[in-house]
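Architecture at a glance
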Amino acid sequence: MVSVIIIPLAIVAIVGLSGYLVYKYVMFDLLCKRSVNKTLQKYNINKTPSQIIKEYYNNKGEEISHKEIQNIEKNYRQKEPEQFLTMYDAVRDNIKNKDKK
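Scope of this entry: the structure provided in the associated data block. Note on numbering: residues in each chain are counted from 1, in written sequence order. Totals for whole chains, interfaces and linings use all residues, but because this is a predicted model, local features are given only for residues with pLDDT of at least 70 and pairs of side-chain atoms are given and counted only at 80 or more. With hydrogens and water excluded, all non-hydrogen atoms of the structure serve as input to the side-chain values.

**Some words on the nonpolar core**
Listed in full, the 12 residues of the largest apolar core are Val36, Leu40, Ile45, Ile52, Ile53, Tyr57, Ile69, Ile72, Tyr76, Phe84, Met87 and Tyr88. Contacts were defined at the residue level, with two residues in contact if any of their heavy atoms lie within 4.5 Å. With residues up to four places along the chain from it excluded, the contact list for Ile52 reads Leu40, Ile45, Lys47, Phe84, Met87, Tyr88 and Val91. To define a nonpolar core, start from buried Ala, Val, Leu, Ile, Met, Phe, Trp, Tyr and Cys residues and group those joined through side-chain atoms within 4.5 Å. Three exposure classes are used, based on accessible area relative to the maximum for each residue type with a 1.4 Å probe and protein chains only: buried under 20%, partly exposed in between, and exposed over 50%.

Written out as structure tokens, the structure reads:
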């Protein structure tokens, strides 16, 4: 008699937990990536977020690995998406300043 209550409750708990984990680790990142890409397209920026990060750090004189770029991109994409526009502006300003000299 107890199994009539416990089995469905366990199934619902497993389905709920797996749905949450899929959202947290897969869907949330995809939605953030889509949002960042749309923002870059909105401002007619034809560079990927990883290209922007790489150029930004190269302009600062720092060499970072591909893995570090991926980690920075994921962090900014999920927590601070406006950083991509800030970094792009810094790269663009640096290019303009070099052209003036």
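**Brief notes about the packing of helix α2 (residues 49–60) against helix α4 (residues 83–100)**
Only the stretch in contact is used when fitting a helix axis, every axis being a line fitted to C-alpha atoms; angles between N-to-C directions are given from 0 to 180 degrees. Numbering of helices and strands runs from the N terminus; a helix is a DSSP stretch of H or I covering at least four residues, while a strand is a stretch of E covering at least two. One way to put it is that α2 packs onto α4 with a least axis distance of 9 Å and a crossing angle of 50°. Classified by the angle between their axes, α2 and α4 sit oblique to one another. In this structure, the crossing between α2 and α4 has a hand that is left-handed. Seen from α2, the contacting residues are Pro49, Ile52, Ile53, Glu55, Tyr56 and Asn59; seen from α4, they are Phe84, Met87, Tyr88, Ala90, Val91, Asn94 and Lys98. In this classification, the charged set is Asp, Glu, Lys and Arg, the nonpolar set is Ala, Val, Leu, Ile, Met, Phe, Trp, Tyr, Cys and Pro, and all remaining amino acids, among them Gly, are polar. For the contact of α2 with α4, the residue count by class is nine nonpolar, two polar and two charged. Small angles under 35 degrees read as roughly parallel and large ones over 145 as roughly antiparallel, with 65 to 115 read as roughly perpendicular and the rest as oblique. By the definition used in this description, the sense in which the near helix is turned from the far one sets the handedness, with an anticlockwise turn below a right angle giving left-handed and a clockwise turn giving right-handed.

**Here's the deal with the pattern of salt bridges**
Pairing between side chains of opposite charge can happen when their charged atoms approach one another. For this document, the term salt bridge refers to a Lys or Arg side-chain nitrogen within 4 Å of an Asp or Glu carboxyl oxygen. One pass over the structure, following the stated rule, counts five salt bridges. Across the salt bridge formed by Glu55 and Lys47, the nearest N and O atoms sit 2.6 Å from each other. Residue Glu55 is classed as partly exposed on the basis of its relative accessible area, which comes to 27%. Between Arg77 and Glu73 there is a salt bridge whose closest N-O contact spans 3.3 Å. Of this pair, Arg77 and Glu73 both sit in helix α3 (residues 66–79), four residues apart, which is roughly one turn of that helix. You can call Arg77 buried: its relative accessible area is 9%. Here the residues in one salt-bridge network are Asp29, Glu73 and Arg77, joined through shared partners.

**Overview of α3**
Between its first and last C-alpha, α3 extends 20 Å over 14 residues, near the 20 Å set by a 1.5 Å rise per residue. When we look at burial in α3, the residues that qualify are Ile69, Ile72, Glu73, Tyr76 and Arg77. Down the axis of α3, the buried set is contained in an arc of 130°. They therefore lie on one face. What points out from α3, more than 90 degrees from its buried face, is the exposed set Lys67 and Lys79. On its buried face, α3 sits against α1 (2–42), α2 and α4. Helices are assigned an expected span. That span is 1.5 Å times one less than the residue count. In this context, the arc is that of the directions from the helix axis out to the C-beta atoms.

By themselves, these are just geometric observations and shouldn't be taken as functional.
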